[in-house]
Amino acid sequence: MLPKFDYIAPKTIEETFELLDKHGQDARLLAGGTDLIVSLRARERIPKAVIDIKAMKELHDLSFDEKRGLSIGAAVTLNRLLHYDATSKHFPVLCEAVSTIGDYEIRNRATLTGNICNASPAADSAPALLVLEAAVNVASRKGRRSIPVREFFAGVKKTVLARGEMVTSINVPTPPKGSRGGYLKARRTVGEDLAVVGVGGLVTPSSKSSKTVRLAYASVAPTPVRALEAEKIFERDKPLDELLDQAMPIVSKTISPITDVRGGKEYRTNLVEVLTRRLLQRLWEAN
Amino acid sequence: MSKHTIHLTVNGIDRTVEVESNKTLLWVLRYNLALTGPKAACERGDCGLCTILMDDNPVKSCLILAVEADGHKITTIEGIAKDGVLSPVQRKFVEHGALQCGFCTPAAVLAAEALLKRNPSPTREEVVEAIEGVLCRCTGYRQIVDAILDAARMKT
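Residues numbered from 1 in each chain as written. Chains lettered and ligands numbered in written order. Predicted model: local features only at pLDDT ≥ 70, side-chain atom pairs only at ≥ 80, totals over all residues.

**With respect to the overall build of chain B**
Going by this rule: Secondary structure follows DSSP: runs of H or I at least 4 residues long count as helices, runs of E at least 2 residues long count as strands, and numbering of each begins at the N terminus. A radius of gyration in this sense is built from C-alpha atoms; the matching globule rule multiplies 2.2 Å by the number of residues raised to 0.38.
Looking only at helices and strands, chain B has five helices and five strands in total. Going residue by residue from the N terminus, the α and β elements of chain B occur as β-β-α-β-β-β-α-α-α-α. Taking 15 Å as the expected radius of gyration for a compact globule of 156 residues, we find that chain B reaches 15 Å, a close match to that expectation. Expressed along its principal axes, the backbone C-alpha trace of chain B runs to roughly 45 × 30 × 25 Å.

Printed below as a string of C-alpha cells:
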C-alpha cells in the first residue's frame, strides 16, 4: 500500500512551475515511476503531491541533428530511446549502458531523465552521459539553465537541482568522428541487476598514432565519476598495456568504493581494473 | 488525497473506475475489476509477476498508478484466450510443461505474446531478454523459453 498523496498531471510547464513553487519539498515529479513508486512504497520520503510530467507534450520530444546532437525529452522512455535509429548509430556507449538498466518491461516505462534524477551511484546511464559530456537542461519559473552532467550529481541520491527546478531534457553532443564507445557492467546475475561496477569509455583518434580517452564509472563512489586525471595518460603515444599500467593507479585514487550487499570494496576495486582493461582493449583494436 | 475517474479498455471492454491517487494499476485490476491474473508479489518491480500489457507493451502494473493508465488499453492474461480457445503461446506452455506452481505463468505468457507481436521469429537470446523481468522459482526457464520458441515456429 502506498502512502496518501495528491496526483496532478499538469499540461503546461508554467502550471508545473506553480505546483513546484507551491509544494516545494513536498512534491515529487513522476515520469516512468520505476524508482519513485518503489521509494513511495518504502516510505523513504512521503510527498503531499505527485506531479506527473507525462501530460506535457514537449517533454516527449526526441530528436537528433549532427550539429546539436541528441535531445532527449524528460518523458522519453528508455526503450523509445534505444529503438531510435540515431542512438545506436552515433551513441553506442549510451545504447550499451541503457540496455542494461532494469529489464525490458522496466525500460518500457523508465526514462533517462529519471535515471539521473534518482541520482543512484549505480545509475548505468551516468558513465555513458559523462564520457559523452552531456548537458542536463533545467527549467524553473526563474528561467532555464543547462548543467554539465559532471556537475549534476551532489551525493548519494542527491542532485544540484534547486527548489522549483525540473529537468526538461538531456542533450548529448555527437561524439567526434571515428570515436568508439562502450559500456561494461559487472552484475551478480545474467538478468536484471544493479551494477556492482559499471565502466563507460569513449576512445577518439586524435592523430595518426595517438588517441584521446574518456572514462567514467558507476557504483564505485557516492556519485558516478569521470576519471579525468587518468585520461591524460592515454594522450601519450605508447602501447595500450603500458598506458593502462600507468593509468590504473590514478583511476584507483579517483574512486572510493564501499562494501555493500552487491560486492566488497576490494572486489569492486579489482573489477574496475579488469573491466577498464577489457573495455579499452576492445575499443582500441577497433580503431 | 485526490480521487480520479479513469476510463480504461480492459481486455476489449470499456471500463470506468473511480480510483484514489495512491492506488496502483495492479490494485485496481485485482480489487476493483476482479482480474486476479496479475499477481501481487514483490510489489517493487523485481519479480514481474504483475505484468500486464499496456497499449500492447509489457509493463509491471505494480509500478504504475491506476490514474496514469487513464485512456489506455490494458490486456491481462484473462484477455488472451479467445472464446475459450487458448492462444498458441498458452498451448505451447501446456505442451512443454512450462510451469509448475503457475504463479509466474500469466506474466511469462504476456511477455511472450508481446515479444512475438513485435518480433515474430526471435532467437533464443531474444526470448531470454524478453522474459528477463519475470522471475520463475519452480521450473527454471528452459521449458518456458522452449515453449515460446515453439509458439513462434507455429505462428510463422
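Now that the structure has been shown, the text picks up again.
**Digging into the overall build of chain A**
This is how the line gets drawn: Buried residues are those with 20 or more other C-beta atoms within 10 Å of their own C-beta, exposed residues have 12 or fewer, and partly exposed residues lie in between; C-beta atoms are placed from the backbone. We call two residues in contact if the C-beta atoms placed from their backbones are at most 7 Å apart.
For chain A, the helix and strand inventory stands at eleven helices and 14 strands. A compact globule built from 287 residues would reach a C-alpha radius of gyration of about 19 Å, and chain A, at 19 Å, matches this within 12%. Relative to its 287 residues, chain A shows a buried fraction of 47%. Counting contacts in chain A only where the partners sit at least 6 residues apart, residues at least 24 apart contribute 62% of the total.

**Quick notes on the sheet that holds strand 6 (residues 135–140) of chain A**
All names here are of chain A. Stated formally: Following DSSP output, two strands are said to pair if at least two bridges run between them. Only C-alpha atoms enter the line fits that serve as axes; for helices the fit covers just the stretch in contact. Angles between N-to-C directions range over 0 to 180 degrees.
Read from one edge to the other, the open sheet built from five strands follows the order 4-5-10-6-7, with strand pairing classed as antiparallel. Only two strands of the sheet have a single partner each, and these edge strands are strand 4 (62–65) and strand 7 (143–148). Taking the axes of each pair of neighbouring strands and ignoring which way they run, one obtains an average angle of 20° across the sheet. Note: strand 4 against strand 5 (residues 69–73), four bridges, orientation antiparallel. Residue pairing across strands places aspartate 65 opposite glycine 69, the latter belonging to strand 5.

**Remarks on the domain arrangement of chain B**
All names here are of chain B. To keep things clear, this is the line we draw: Domain delimitation follows an automatic or database domain assignment. Basically, the charged four are Asp, Glu, Lys and Arg, the nonpolar ten are Ala, Val, Leu, Ile, Met, Phe, Trp, Tyr, Cys and Pro, and anything else, Gly included, counts as polar.
By domain assignment, chain B separates into domain 1 (3–79) and domain 2 (88–155). Using C-alpha coordinates to define each centre, domain 1 is positioned 21 Å away from domain 2. At the interface, 14 residues of domain 1 touch twelve residues of domain 2. At the level of elements, strand 3 (51–54) and strand 4 (57–60) are the ones that each hand at least two residues to the side of domain 1 that touches domain 2. By residue class, the composition of the side of domain 1 that touches domain 2 is seven nonpolar, four polar and three charged.

**Notes on the interface of chain B and chain A**
Taken together, the contact between chain B and chain A spans 24 residues of the former and 20 residues of the latter. Looking at the side of chain B that touches chain A, the elements with two or more residues in it are strand 4 and helix 4 (124–130) of chain B. If one sorts the elements of the side of chain B that touches chain A by residue count, strand 4 of chain B sits on top with four residues. Per-class residue counts for the side of chain B that touches chain A are eight nonpolar, ten polar and six charged.

**Side note on the packing of helix 2 (residues 88–95) of chain B against helix 3 (residues 105–118) of chain B**
Residue and element names in this part refer to chain B. Quick note on the threshold: Should an angle fall under 35 degrees it is taken as roughly parallel, and over 145 as roughly antiparallel, whereas 65 to 115 is taken as roughly perpendicular and any remaining angle as oblique. Two helices that cross are described as forming a left-handed crossing if the nearer one is turned anticlockwise from the farther one by less than a right angle, and a right-handed crossing if clockwise.
Where helix 2 contacts helix 3, the axes come no closer than 9 Å and their chain directions differ by 130°. Considering the angle they form, helix 2 stands oblique to helix 3. For the crossing formed where helix 2 meets helix 3, the hand is right-handed. Contacts between helix 2 and helix 3 involve Val89, Gln90 and Phe93 from the first element and Thr105, Val109, Ala112, Glu113 and Leu116 from the second.

**A closer look at helix 10 (residues 240–254) of chain A**
Residues and elements named next belong to chain A. The condition that has to hold: One less than the residue count of a helix, multiplied by 1.5 Å, gives the span that helix is expected to have. Note on bend: the value at a residue is the angle between axes fitted to the seven residues ending there and to the seven starting there.
The end-to-end C-alpha distance of helix 10, which contains 15 residues, comes to 20 Å, matching closely the 21 Å that a straight helix rising 1.5 Å per residue would cover. Bending of helix 10 peaks at approximately 30° at the position of alanine 247, with proline proline 249 no more than four residues after it. Among the residues making up helix 10, those that are buried are Leu243, Leu244, Ala247 and Val251. Looking at the buried positions of helix 10, the neighbouring elements they touch are helix 9 (228–233) and helix 11 (265–285).

**Looking at the nonpolar core**
Under the convention used in this document: Core membership is restricted to buried Ala, Val, Leu, Ile, Met, Phe, Trp, Tyr and Cys residues, and these are joined into a nonpolar core through C-beta atoms within 7 Å.
Counting 134 residues, the largest nonpolar core has Leu132 of chain A together with Ala108, Ala111 and Ala112 of chain B as its most contacted members. Top element by residues in this core is helix 3 of chain B. It accounts for nine residues. When residues no more than four places from it in sequence are discounted, the contact partners of leucine 132 of chain A are Phe91, Val93, Leu94, Val172, Pro173, Pro175 and Leu202 of chain A.

**A short note on the domain arrangement of chain A**
Residues and elements named next belong to chain A. Along its sequence, chain A is organised into domain 1 (6–52), domain 2 (58–172) and domain 3 (180–285). Each of domain 2 and domain 3 has a C-alpha centre, and these two points are 21 Å apart. Listed by partner, the interface residues are 21 residues for domain 2 and 24 residues for domain 3. Those elements that place two or more of their residues in the side of domain 2 that touches domain 3 are helix 5 (92–98), helix 8 (125–131) and strand 8 (153–155). Per-element tally for the side of domain 2 that touches domain 3: the top contributor is helix 8, with five residues. The residue inventory of the side of domain 2 that touches domain 3, partitioned by class, reads 14 nonpolar, three polar and four charged.

**Thoughts on the sheet that holds strand 13 (residues 211–218) of chain A**
Residues and elements named next belong to chain A. In spatial order, the strands read 11-12-13-14; together these four strands make up an open sheet with antiparallel pairing. Each edge of the open sheet is held by one strand with a lone partner, namely strand 11 (180–186) and strand 14 (225–226). Note: strand 13 against strand 14, two bridges, orientation antiparallel. Residue pairing for strand 14: tyrosine 217 is matched across the bridge by valine 225. Running at roughly 30° to strand 12 (residues 197–205), helix 11 makes contact with strand 11, strand 12 and strand 13 of the sheet.

**Re the confidence of the model for chain B**
Which entries qualify depends on this criterion: The quantity called pLDDT is the predictor's confidence in a given residue, expressed from 0 to 100.
With 99% of its residues at a pLDDT of 70 or more, chain B has an overall mean of 96. Overall fold confidence (pTM) sits at 0.96, and the ipTM for the predicted complex is 0.96.

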